[in-house]
Amino acid sequence: MLTVGEVHTSLLQHSTALAQEQSSEVLSLVEGEVVLTSRRPSLYAVSPDVRTGVDCWLPSARNRQLRGVGAVVTRAIITGGRIVQASSVIQVVAGERRQPWSHYLANPGVLETVGKLDAADLTAGFLHGNDADVLNLEAITGRVLDGVQMSGLLDRHPPLRAARTRLRWTAQVDPQPGPDVSAVVTVDSPTLRTVELVVGPQDVPAAVAGLCEDLALHDWLLTMLSSLVEAAVTRPASGGHEHIERLRPVLEHLLHLWLPGARVHPRLRPIWDRLEQVPGFSRQWKSSVNWIRDQISVNNMALLRDLAHRVTAQQPCGR
């Protein structure tokens, strides 16, 4: 059994963090269905599922022509009133022949092949292929995220600029699983990551998708922070104050959202534990945050020193 998915992550296009009630309104994507919310360990809101019917060729590393039909399930998520994600997932199973649409719509999140399924070939084609005329979760996921960002409740004035990132993932079920799950995480480009998972039959697609959403969220935070630090360390000496003002919003708006693994199913949490060892996500995050704090402190001390000099210069001279 094979499950594939894609997660897009971006900064919400709004000047302030949304209250939980505002997040719920923004995420009301399906009329009559409820937005799920949570306040612990941080504000968290999840839209109802958006279903997209697909009848298309499937990705193939060997250029095989295998047709798939089903309904992709996509949901939007707002974390901390600040970060927005769209996450698509579909479970690929072997089918025999083309069924009426009512059959597929009654089984959302499942895609049936019309022909023999080669899971390894589809995995390689999905993770590393770029064909536009096959199953395109990038377009489906991006459309949902764009719809959230265009909500009339958002003022389009975010406190900082940050690129959208994508995480594309596959999860292959091991029929004879051991006690552990495994993941291979690859940085394919500055904005694309791929994750190849091997999970057990007890790991349901929703839990695996939740893990990937958590990975994508924290990868976006770390990518955004790393790009800001890189821009700051390569700045001209005369542009210090301008870059400090670009760094300050990170501490004000995003620092408290670093909570890796907080919403991940306990059986899948060992994947996070391994990523904390190599490459060490939290170590890199803490190091970058401390550097930003030091830069802001040094800049503040310099401003106070300049202010003290100006006050001294303006005082009248005694006789």
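It should be emphasised that the depicted structure is a prediction, and the values quoted were computed from it without experimental measurement.

**Things to note about the side chain of aspartate 203**
Assignment of secondary structure puts aspartate 203 in the loop between strand 10 (192–199) and helix 5 (205–233). Side-chain polar atoms of aspartate 203 contact the backbone nitrogen of glycine 200, separated by 2.9 Å. Side chain to side chain, aspartate 203 and arginine 267 meet in a polar contact 2.6 Å long. If near-sequence neighbours (up to four positions away) are discounted, aspartate 203 is found in contact with Val181, Val208, Arg267 and Leu268.

**Some points on the nonpolar core**
Counting 45 residues, the largest nonpolar core has Trp169, Leu197, Leu221 and Leu254 as its most contacted members. Contributions of two or more residues to this core are made by strand 1 (2–11), strand 6 (83–93), strand 8 (165–173), strand 10, helix 5, helix 6 (240–253), helix 7 (269–277) and helix 8 (281–314). Of the residues forming this core, the biggest block, 16 residues, is contributed by helix 5. Contacts of leucine 197, omitting those with residues within four sequence positions, involve Trp169, Thr170, Ala171, Gln172, Ser182, Ala183, Val208, Leu211, Cys212 and Ile271. Among the nonpolar cores identified, the runner-up in size contains 16 residues, and Leu2, Leu127, Leu135 and Ile140 belong to it.

**Section: the confidence of the model for the protein chain**
Averaged over all residues, the pLDDT of the protein chain is 89; the fraction at 70 or higher stands at 94%. Mean pLDDT in the protein chain bottoms out at helix 6, which sits at 76, and peaks at strand 3 (residues 44–46), which reaches 98.

**Here we look at the packing of helix 5 against helix 7**
The geometry of helix 5 relative to helix 7 is characterised by a closest axis approach of 10 Å and an angle of 25° between their N-to-C directions. Classed by the angle they form, the pair helix 5 and helix 7 counts as roughly parallel. Considering the relative orientation of helix 5 and helix 7, their crossing is right-handed. Facing helix 5, whose interface residues are Leu211, Asp214, Leu215 and His218, helix 7 presents Ile271, Trp272 and Leu275. Tallied by class, residues from the contact of helix 5 with helix 7 come to five nonpolar, one polar and one charged.

About the thresholds
- Residues numbered from 1 in each chain as written.
- Predicted model: local features only at pLDDT ≥ 70, side-chain atom pairs only at ≥ 80, totals over all residues.
- Heavy atoms only, no water.
- Helix = DSSP H or I, 4+ residues; strand = E, 2+ residues; numbered from the N terminus.
- Polar contact = N/O pair within 3.5 Å; in protein donor to acceptor, adjacent residues only side chain to side chain.
- Contact = heavy atoms within 4.5 Å.
- Core = buried A, V, L, I, M, F, W, Y, C linked by side-chain atoms within 4.5 Å.
- Buried < 20%, exposed > 50% of the residue type's maximum accessible area, 1.4 Å probe, protein only.
- pLDDT = per-residue confidence, 0-100.
- Axes fitted to C-alpha atoms, helices over the stretch in contact; angles between N-to-C directions.
- Parallel < 35°, antiparallel > 145°, perpendicular 65-115°, else oblique.
- Left-handed = near helix turned anticlockwise from the far one by under 90°.
- Nonpolar A, V, L, I, M, F, W, Y, C, P; charged D, E, K, R; others polar.

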